[in-house]
Amino acid sequence: MKKYILFLIISFVSSCSSDDFKSDLKKESKIVVEGWIEQNDFAQVLLSSSIPITDVIDSTNVLNHVIRSAKITVSDGVTSEVLRVKNDKNRIPPFVYYGSVLKGEEGKQYSLKIEYLNRTVQAQTTIPKTVPLQSAAYIKKNVTDTTGYVFIQFDDPKNEKNYYQVATKIEGKEPIFVPAFYGNLDDKNFKSQSVSVQVNRGVLLFPKTKFQPYFVDGNLIYVKLRTQNKEALDFWNSWQNEIVNSKNPIYPSNTSLKSNIKGGLGIWAGYGQSTLIIQTPAKK
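Residues numbered from 1 in each chain as written. Predicted model: local features only at pLDDT ≥ 70, side-chain atom pairs only at ≥ 80, totals over all residues. Heavy atoms only, no water.

(A) View of the sheet that holds strand β7 (residues 109-116). What the four strands build is an open sheet, ordered β4-β3-β7-β8; its pairing is antiparallel. Looking at strand neighbours, the two that pair on one side only are β4 (80-82) and β8 (119-126), the edges of this open sheet. Neighbour to neighbour, the strand axes of the sheet diverge by 15° on average, direction disregarded. With three bridges connecting them, strand β3 (residues 71-75) and β4 associate as antiparallel partners. If you follow threonine 73 over to β4, its bridge partner there is valine 82. (Pairing = 2+ DSSP bridges. Helix = DSSP H or I, 4+ residues; strand = E, 2+ residues; numbered from the N terminus. Axes fitted to C-alpha atoms, helices over the stretch in contact; angles between N-to-C directions.)

In structure tokens:
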């Protein structure tokens, strides 16, 4: 995205010094977390201090609030690992905490513990059962169009409560999956077990071009259907509400966003996941 983040609110990892952070704390700044562990993948965490809603949000200010010297521990109750921070030049900010030992498994609970200066932030999550994508297609309104939307189909399991998130990634343009706009789904709203959904591109932080909700010819698109917990659904819905109402969802200075982080803001989420790839027609 080149930034991802979707960014969430959140958080990105840090380049701010201890003195800067202590100064932020005096202003009631909070530790902001965007962390996740997916089925069959390692944990990732973005970390920052919150940015006051009155501040200018640009790449420079974001870098002043990221945190890259925290100790982050992830555990499944049996095995624990301390995540390592890496420099990822494809993202803004360019720091991400990665795991390399614990791979996410369906049904398992994972705890997160963040220690930074005199603060400890904690959270827990569980990876829900994966629901497989049945199909994903790029469809244009007219044959001569060079843009279109992605449509997916999947079967919502009977007698199970499920919450979903749809995310996409464009090869060569986005280094990470971006949650789709209006892509958070509660199965209570489905009219049948067979579900068909239009996927709108998600919002990027500091995009290089004007945001457009559609996809274009010449893209290789990865489409992911995540199963998520109610806490993650509530978080992403509140984040989206901030976007829709033109508020500041990044590094918030208040508690307008839903959160499952004890001692901080943001989200620690476990996701089941199913991914399909779409090759759109070559550009003419």
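And the narrative resumes.
(B) Representation of the sheet that holds strand β6 (residues 95-103). A sheet is described by the order of its strands in space; here eight strands give the open sequence β5-β6-β2-β1-β16-β15-β11-β12, paired in mixed fashion. On the outer flanks of this sheet lie β5 (84-87) and β12 (178-186), each paired with one strand and no other. Taking the axes of each pair of neighbouring strands and ignoring which way they run, one obtains an average angle of 30° across the sheet. Here six bridges tie strand β1 (residues 31-38) to strand β2 (residues 42-49), and the two strands are oriented antiparallel to one another. When the sheet's bridge partners are listed, tryptophan 36 is paired in β2 with glutamine 44.

(C) Molecular detail of unusual backbone geometry. A positive phi angle is found at leucine 117, which is not glycine, with a value near 50°. Relative to the assigned elements, leucine 117 resides in the loop between β7 and β8.

(D) Structural context of the nonpolar core. Residues Val33, Leu47, Ile72 and Trp268 are the most contacted members of the largest nonpolar core, which totals 22 residues. Here the element with the most residues in this core is β7; it accounts for four residues. Ala136, Ile170, Leu185 and Phe215 belong to the second-largest nonpolar core, a separate cluster that totals 21 residues. (Core = buried A, V, L, I, M, F, W, Y, C linked by side-chain atoms within 4.5 Å. Buried < 20%, exposed > 50% of the residue type's maximum accessible area, 1.4 Å probe, protein only.)

(E) Structural view of the pattern of salt bridges. Under the counting rule described, the total for this entry stands at 10 salt bridges. Here lysine 224 makes a salt bridge to glutamate 38, at a shortest N to O gap of 2.9 Å. A residue pair is termed long-range when its members are at least 10 positions apart, and lysine 224 in strand β15 (residues 220-228) and glutamate 38 in strand β1 qualify at 186 residues. Grouping residues by exposure puts lysine 224 and glutamate 38 together as buried. (Salt bridge = Lys/Arg side-chain N within 4 Å of Asp/Glu carboxyl O.)

(F) Fine view of the environment of valine 32. Note on placement: valine 32 falls in strand β1. Taking C-alpha positions, valine 32 is 9.5 Å from isoleucine 67, a pair spaced 35 residues apart along the chain.

(G) Region of the structure containing the confidence of the model for the protein chain. Residue-level pLDDT values for the protein chain average 83, and 77% of them are 70 or greater. Contacts from residues 1-26, a stretch scored under 50 in pLDDT, to residues over four places away or in other chains number 126 contacts. Overall, residues 248-255 carries pLDDT values under 50, and its contacts beyond four positions in sequence, including any with other chains, amount to 41 contacts. (pLDDT = per-residue confidence, 0-100. Contact = heavy atoms within 4.5 Å.)

(H) Focus on the packing of aromatic side chains. Throughout the structure, instances matching the rule amount to eight aromatic pairs. With 4.9 Å between their ring centres and 50° between their planes, phenylalanine 154 and tyrosine 164 make a pair best called tilted. Of this pair, phenylalanine 154 sits in strand β10 (residues 147-155) while tyrosine 164 is found in strand β11 (residues 163-170), placing the two residues 10 residues apart along the sequence. For the pair formed by phenylalanine 154 and tyrosine 164, the shared burial category is buried. Summarising the aromatic geometry, the rings of phenylalanine 177 and tyrosine 222 are spaced 6.5 Å apart at their centres and angled 85° between planes, so their arrangement reads as edge-to-face. Placement of phenylalanine 177 in the loop between β11 and β12 and of tyrosine 222 in strand β15 is noted, with a sequence separation of 45 residues between them. According to the relative accessible area criterion, phenylalanine 177 is buried, its value standing at 10%. In this structure an aromatic cluster arises from ring pairing among Phe154, Tyr164 and Phe190. Sitting over the face of the ring of tyrosine 98, lysine 86 holds its NZ or CZ atom 5.1 Å from the ring centroid. Over the aromatic face of tyrosine 271 sits the side chain of arginine 226, whose NZ or CZ is 4.8 Å from the ring centroid. (Phe/Tyr/Trp six-rings, centres within 6.5 Å; stacked < 30°, edge-to-face > 60°. Lys NZ or Arg CZ within 6 Å of the ring centre and 35° of its normal.)

(I) Region of interest: the pairing of β12. The buried fraction of β12 amounts to eight of the nine residues, a majority that puts the element mostly inside the structure. Note that β11 and β12 share five bridges and pair antiparallel. Across the sheet, residue threonine 168 finds its bridge partner in β12, namely valine 178.

(J) Here's a closer look at the side chain of serine 238. Of note, serine 238 is situated in helix α3 (residues 230-244). From its side chain, serine 238 meets the backbone oxygen of phenylalanine 235 in a polar contact 2.7 Å long. (Polar contact = N/O pair within 3.5 Å; in protein donor to acceptor, adjacent residues only side chain to side chain.)

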